[in-house]
Amino acid sequence: MKSYCVVINNSPLFFKSLEGVKSWFKKCGVKKRLELEDEEYVDLDNLESIVGNEEVEIYNDCMCEMGDDYCSISLYEIVFED
């Protein structure tokens, strides 16, 4: 099973599965998709598309700190050496 790390505004969170990442976003209030720059979106069912990519800015109100317009996230697969 693959594990994942989500880095949100430079704070890492670790998950045992991609389903755990999706569930966490839903608990935070993201209903179906992450709102990105320039009216682009990533569906929660398609989070694999941003794994290992550069940091992205998301604009979902429920994910932004009070007074911020966006938050930065990165999603990485964790690979253990042993």
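Since the structure is predicted, the reported quantities are computational estimates derived from the model, not experimental observations.

A. Summary view of the sheet that holds strand S2 (residues 11-15). Here four strands make up an open sheet; going across it, the order is S2-S1-S6-S5 and the pairing antiparallel. Bordering the open sheet on either side are S2 and strand S5 (56-58), each of which pairs with just one other strand. The sheet shows a mean angle of 30 degrees between the axes of neighbouring strands, taken without regard to direction. Alignment of S5 against strand S6 (residues 71-78), held across three bridges, turns out to be antiparallel. Across the sheet, residue Val56 finds its bridge partner in S6, namely Ile73.

B. Region of interest: the pairing of S2. By the bridge criterion, five bridges tie strand S1 (residues 3-8) to S2 in an arrangement that is antiparallel. Each bridged residue has a counterpart across the sheet, and for Cys5 the counterpart in S2 is Phe14. Hairpin remark: S1 followed by S2, antiparallel, with two residues in the connecting loop; positive phi at Asn9, about 45 degrees.

C. Structural context of the pairing of S6. Both S1 and S6 contribute to a ladder of six bridges, which runs antiparallel. Across the sheet, residue Cys5 finds its bridge partner in S6, namely Tyr76.

D. Expanded view of unusual backbone geometry. The backbone of Asn9 sits at a positive phi, close to 45 degrees, despite the residue not being glycine. Topologically, Asn9 is positioned in the loop between S1 and S2. Despite not being glycine, Asn10 shows a phi value in the positive range, around 70 degrees. In this fold, Asn10 is placed in the loop between S1 and S2. Overall, Asn10 belongs to the exposed group, its relative accessible area being 67%.

Each value, and the rule that gives it
Residues numbered from 1 in each chain as written. Predicted model: local features only at pLDDT ≥ 70, side-chain atom pairs only at ≥ 80, totals over all residues. Heavy atoms only, no water. Pairing = 2+ DSSP bridges. Helix = DSSP H or I, 4+ residues; strand = E, 2+ residues; numbered from the N terminus. Axes fitted to C-alpha atoms, helices over the stretch in contact; angles between N-to-C directions. Buried < 20%, exposed > 50% of the residue type's maximum accessible area, 1.4 Å probe, protein only.

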